[in-house]
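A closer look at the structure
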Amino acid sequence: MAVSNAEPSIPPLIPTENGDPSKPVDFEGGGAVVRADGSMILPLDTYISADDESKIVRAENALAQKCMQAKGIELPKSLALNTGPQAPAPYVLYGLIDIDSAKIYGYREPHPIKSRNDSASPDAKVTPAVEQAYFGDPKRDDGCAGQARRKLGGQNARTLFTYVQELRSQSLAATNRDGRVTAVVSKWSACMRESGYDYPNPLAPGHDRSLLGRGLPVPPGATLPPPSPAEIAAAVTDIKCKRRTNYLQTAALVSAAYEQEIIAKHASELRDAQAKQRLKLQESKEILQGG
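Residues numbered from 1 in each chain as written. Predicted model: local features only at pLDDT ≥ 70, side-chain atom pairs only at ≥ 80, totals over all residues. Heavy atoms only, no water.

Some words on the overall build of the chain
Helix and strand counts for the chain come out as 10 helices and three strands. Each helix (α) and strand (β) of the chain, taken in turn from the N terminus, gives the series β-β-β-α-α-α-α-α-α-α-α-α-α. Seen along its three principal axes, the alpha-carbon backbone of the chain occupies a region of about 65 × 55 × 30 Å. Contacts in the chain between residues far apart in sequence, at least 24 positions, make up 73% of those at least 6 positions apart. When the accessible surface of the chain is totalled, it reaches about 15,900 Å², and 54% of it is carbon and sulfur. (Helix = DSSP H or I, 4+ residues; strand = E, 2+ residues; numbered from the N terminus. Contact = heavy atoms within 4.5 Å. Areas by Shrake-Rupley, 256 points an atom, 1.4 Å probe, with all protein chains shown as cover.)

Quick word on the packing of aromatic side chains
Scanning the model with the defined rule gives one aromatic pair in all. When the centroid spacing of 4.8 Å and the interplanar angle of 85° are considered together, the rings of tyrosine 134 and phenylalanine 135 count as edge-to-face. Since its relative accessible area comes to 31%, phenylalanine 135 is described here as partly exposed. (Phe/Tyr/Trp six-rings, centres within 6.5 Å; stacked < 30°, edge-to-face > 60°. Buried < 20%, exposed > 50% of the residue type's maximum accessible area, 1.4 Å probe, protein only.)

A word on the side chain of serine 54
Here serine 54 shows up in helix α1 (residues 50-70). Contact partners of serine 54, with chain neighbours within four places excluded, come to Asn82, Thr83 and Gly84.

Examining the nonpolar core
Among the nonpolar cores identified, the biggest contains 22 residues, and Val34, Met40, Leu42, Tyr94, Tyr247 and Leu248 are the most heavily contacted of them. Where this core is concerned, the elements lending two or more residues are β2 (32-34), α2 (90-94), α6 (160-177), α7 (179-194) and α9 (247-265). Per-element accounting of this core gives the leading share, eight residues, to α9. Residues contacting valine 34, with those up to four places away along its chain left out, are Val25, Asp26, Phe27, Ser39, Met40 and Ala252. (Core = buried A, V, L, I, M, F, W, Y, C linked by side-chain atoms within 4.5 Å.)

Here we look at the packing of helix α5 (residues 144-153) against helix α10 (residues 267-288)
α10 packs onto α5 with a crossing angle of 115° between their chain directions and a minimal axis gap of 9 Å. Contacts between α5 and α10 involve Lys151, Leu152 and Gly153 on the former and, on the latter, Lys280, Glu283, Ser284 and Ile287. Taken together, the residues of the contact of α5 with α10 break down into two nonpolar, two polar and three charged. (Axes fitted to C-alpha atoms, helices over the stretch in contact; angles between N-to-C directions. Nonpolar A, V, L, I, M, F, W, Y, C, P; charged D, E, K, R; others polar.)

Here's the deal with the state of the cysteines
One pass over the structure, following the stated rule, counts two disulfides. What pairs with cysteine 67 in a disulfide is cysteine 144, and their sulfur atoms sit 2.0 Å apart. Disulfide cysteine 67 to cysteine 144: torsion about the S-S bond roughly -75°, handedness left-handed. Of the two residues, cysteine 67 sits in helix α1 while cysteine 144 sits in helix α5, which places them 77 residues apart along the sequence. (Disulfide = S-S within 2.5 Å.)

Looking at the sheet that holds β2
The strand order across the open sheet formed by three strands is β1-β2-β3, and the pairing between neighbours is antiparallel. Across the chains shown, the open sheet's two edge strands, defined by having one partner strand only, are β1 (27-29) and β3 (40-41). Both β1 and β2 contribute to a ladder of three bridges, which runs antiparallel. Within β2, the residue paired with phenylalanine 27 across the bridge is valine 34. (Pairing = 2+ DSSP bridges.)

Some details on the environment of glycine 206
Along the polypeptide, glycine 206 turns up in the loop between α7 and α8 (229-245). Residue classification places glycine 206 among the partly exposed positions, given a relative accessible area of 27%. For glycine 206 and valine 92, which are 114 residues apart along the polypeptide, the C-alpha to C-alpha distance reads 9.4 Å. Discounting residues that sit within four places of it in the chain, glycine 206 has contacts with Tyr107 and Leu212.

Structure, rendered in structure tokens:
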């Protein structure tokens with residue numbers, strides 16, 4: 001399923017001049033959209049729906065609840081999820097995008113998502129017996145959670161969402177190897193060095209524990225200090241260098257080109273996965289309606 005070695009053509013939409021660091025990227029073309037708020041839309045995104053995934057997960061919860069009740073156990077709220085799996089945010093794949101968030105959060109998650117076990121409800125702590133009933137033997141996946149998934153989706157664990165993520169991973173790997181992207185990453189890295197930061201690519205600073213929270217103490221119970229002035233300064237410089245080098249437009253256009261190539265190559269498999277998803281979604285709606 002690998003993409004071809006030839007670099008796909010992209011439309012001549014990358015600005016020839018440096019971008020304005022004071023303005024966010026607001027770009028659309030070649031199958032890619034980069035919004036001023038830091039969000040991004042690429043061709044594979046059209047195949048998955050957060051609302052559909054949420055319905056399927058809630059239906060699986062309903063089936064798992066019946067299974068647990070048959071064992072005389074109530075499904076704890078801390079195990080039940082109401083939302084489906086989430087695709088990686090653009091900044092996870094391409095580095096920081098939104099300068100307004102960077103000025104507050106530095107390299108941290110701008111909108112932290114609470115863990116399913118963060119609840120303060122009485123059932124937040126799951127006992128070993130409840131865990132065994134819900135998850136079962138990992139090798140056999142024979143707990144109520146696994147039974148619910150199989151009842152709704154059959155034996156094949158690969159869903160439309162997981163298939164799209166597999167294809168997205170292929171596209172991202174090809175994008176990172178693409179000569180146009182490696183060239184603009186080198187320009188970004190040189191721009192960062194001018195301000196005293198030595199990083200090989202835009203994902204590296206966010207993993208530099210010597211930078212994160214530099215100069216601030218670690219609060220009790222935390223693993224890192226909060227974003228410090230030093231971290232925020234680096235994050236702002238990072239985004240300005242992305243604007244000066246037109247990194248985001250280049251990465252988005254190249255990513256879109258590879259995704260379009262992958263979609264064309266795997267059109268039949270995608271149609272089949274979509275058909276199975278529609279059946280699963282219809283069954284989910286019936287379960288949620290009590291049918």
